[in-house]
Amino acid sequence: RGMHVPKVLILLVLSVLCAFFGAQAECKSPSASELEKRLGEIELLVKRSPDDVEARERQISTLELLGRRTEALALCEVFLKARPDRGFLWYYLGFCKFNEDKWQEALRSFDRAQNLGDINCLGFKAFCLRKLNRHHECLEFTTKSLRQYPNVPSLYFNRALSRQ
């Protein structure tokens, strides 16, 4: 049974994969067969080096792109126990909770991700604050974040909506 993956998620995960795979200019969407091939390569790498956290993160991202979120989330949760210092893992956990409309749980994970330097979580964090009716906090958060990251469109969007 296929799982519908929102386009925004695909683009977000693709940006992570582009960074991991060293894409230089443009990163086009890989086909399912290309992703399966990459996943096989990553799994071989993980077998040789089970503690390679970047390979694990690529594995999680690739599973997500393939619509295999249950597997990706299970890996993420296991690896978080061993490496709670990885912002991407907290971001991905938050992203999964976000997609389940578990705003408070997602927010806690996005906070951890942000504290570890992950900026992909900023727009999601702002959205969670709005969903939790913490509009004043969202306004303060987005205003402060925009000073440091003025090229994150979702911060402008959430800031505008938190003013209403």
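For the structure itself, consult the block above.
All of these numbers come straight from a predicted model, not from anything done at the bench.

**A word on the packing of helix α5 (residues 87-99) against helix α7 (residues 122-131)**
Here comes step 1: It is at 11 Å that the axes of α5 and α7 come closest, and there the two elements cross at 40°. Of the possible angle classes, the one that applies to α5 and α7 is oblique. Judged by the twist between their axes, the crossing of α5 over α7 is left-handed. Between α5, through Tyr-91, Phe-95 and Phe-98, and α7, the contact on the second element is made entirely by Phe-124, Phe-127 and Cys-128.
Here comes step 2: Split by residue class, the contact of α5 with α7 holds six nonpolar, no polar and no charged.

**Notes on the nonpolar core**
Here comes step 1: Residues Tyr-91, Tyr-92 and Phe-110 are the most contacted members of the largest nonpolar core, which totals 37 residues.
Here comes step 2: Elements represented by at least two residues in this core include exactly α2 (32-48), α3 (53-65), α4 (69-82), α5, α6 (103-115), α7 and α8 (135-148).
Here comes step 3: Here this core takes nine residues from α5, the largest share from any one element.
Here comes step 4: Beyond its immediate sequence surroundings of up to four residues, Phe-110 is in contact with Tyr-91, Gly-94, Phe-95, Phe-98, Cys-121, Phe-124, Lys-125 and Cys-128.

**Notes on the pattern of salt bridges**
Here comes step 1: In the structure shown here, the tally under the stated rule is nine salt bridges.
Here comes step 2: A salt bridge links Glu-36 to Arg-68, with the nearest nitrogen and oxygen atoms 3.6 Å apart. With Glu-36 in helix α2 and Arg-68 in the loop between α3 and α4, this pair connects stretches of sequence that are 32 residues apart.
Here comes step 3: Residue class for Glu-36 comes out partly exposed when judged on its relative accessible area of 39%.
Here comes step 4: Taking relative accessible area as the criterion, Arg-68 reaches 25% and is therefore assigned partly exposed.
Here comes step 5: If you follow the salt bridges from partner to partner, you end up with Glu-36, Arg-68 and Glu-71 in one network.

**Some words on unusual backbone geometry**
Here comes step 1: Look at Asp-101: it is not a glycine, yet its phi comes out positive at around 60°.
Here comes step 2: Positive phi outside glycine occurs at Asn-133, with the angle close to 60°.
Here comes step 3: Along the polypeptide, Asn-133 turns up in the loop between α7 and α8.

**A short note on the environment of Leu-75**
Here comes step 1: Relative to the assigned elements, Leu-75 resides in helix α4.
Here comes step 2: A sequence separation of 14 residues divides Leu-75 from Leu-89, and the C-alpha atoms of the two residues are 9.6 Å apart.

**Side note on α2**
Here comes step 1: In a regular helix each residue adds 1.5 Å, so 17 residues correspond to 24 Å; α2 covers 24 Å between its end C-alpha atoms and thus fits that length.
Here comes step 2: Those residues of α2 not exposed but buried are Leu-35, Leu-39, Ile-42 and Val-46. For α2, the arc enclosing every buried residue in end-on projection is 65°, short of the 170-degree limit, so these residues lie on one face. Exposed and facing more than 90 degrees away from the buried side of α2 are Ser-33, Lys-37, Lys-47 and Arg-48.

**Considerations on the packing of aromatic side chains**
Here comes step 1: Throughout the structure, instances matching the rule amount to 13 aromatic pairs.
Here comes step 2: For the ring pair Tyr-91 and Phe-124, a centre distance of 6.0 Å and an interplane angle of 55° mean the geometry is tilted. Of this pair, Tyr-91 sits in helix α5 while Phe-124 sits in helix α7; the two residues are 33 residues apart in sequence, bridging distant segments of the chain.
Here comes step 3: By relative accessible area, Tyr-91 is classed as buried at 4%.
Here comes step 4: With a centroid separation of 5.3 Å and 80° between ring planes, the pair formed by Phe-98 and Trp-103 is classed as edge-to-face.
Here comes step 5: Overall, Trp-103 belongs to the buried group, its relative accessible area being 16%.
Here comes step 6: Taken together through their ring pairs, the aromatic side chains of Phe-88, Tyr-91, Tyr-92, Phe-95, Phe-98, Trp-103, Phe-110, Phe-124 and Phe-127 make up a single cluster.

Each value, and the rule that gives it
- Residue numbers restart at each chain and count upward from 1, following the sequence in its written direction.
- In keeping with the predicted nature of the model, local features appear solely for residues at pLDDT of at least 70, side-chain atom pairs appear and are counted solely at 80 or more, and the whole-chain, interface and lining totals rest on all residues.
- To get the side-chain values, take all heavy atoms of the structure and skip hydrogens and water.
- Axis lines are fitted through C-alpha atoms, for helices just across the contact stretch, and the angle between N-to-C directions can take any value from 0 to 180 degrees.
- Under the scheme used here, helices are H or I runs from DSSP no shorter than 4 residues and strands are E runs no shorter than 2 residues, and both carry numbers assigned from the N terminus.
- For classification purposes, an angle smaller than 35 degrees is called roughly parallel, one larger than 145 roughly antiparallel, one from 65 to 115 roughly perpendicular, and anything else oblique.
- Two helices crossing with the near one rotated counterclockwise from the far one by less than a right angle form a left-handed crossing, whereas a clockwise rotation gives a right-handed crossing.
- Should any heavy atoms of two residues lie within 4.5 Å, those residues are considered in contact.
- Amino acids outside the nonpolar list (Ala, Val, Leu, Ile, Met, Phe, Trp, Tyr, Cys, Pro) and the charged list (Asp, Glu, Lys, Arg) are all regarded as polar, and Gly is one of them.
- Among the buried residues, those of types Ala, Val, Leu, Ile, Met, Phe, Trp, Tyr and Cys that are joined through side-chain atoms within 4.5 Å form a nonpolar core.
- Exposed residues in this analysis have more than 50% of their type's maximum accessible area, buried residues have under 20%, and partly exposed residues fall in between, with area computed by a 1.4 Å probe over protein chains only.
- Salt bridge, as applied in this entry: a Lys or Arg side-chain nitrogen positioned within 4 Å of an Asp or Glu carboxyl oxygen.
- Helices are assigned an expected span. That span is 1.5 Å times one less than the residue count.
- To be clear, the arc concerns the directions from the helix axis to the C-beta atoms.
- Pairs were defined over the aromatic rings of Phe, Tyr and Trp, the Trp ring being its six-membered one, requiring ring centres within 6.5 Å. Orientation was assigned from the angle between planes: stacked under 30 degrees, edge-to-face over 60, tilted for the rest.

Nothing here speaks to function; it is all geometry.
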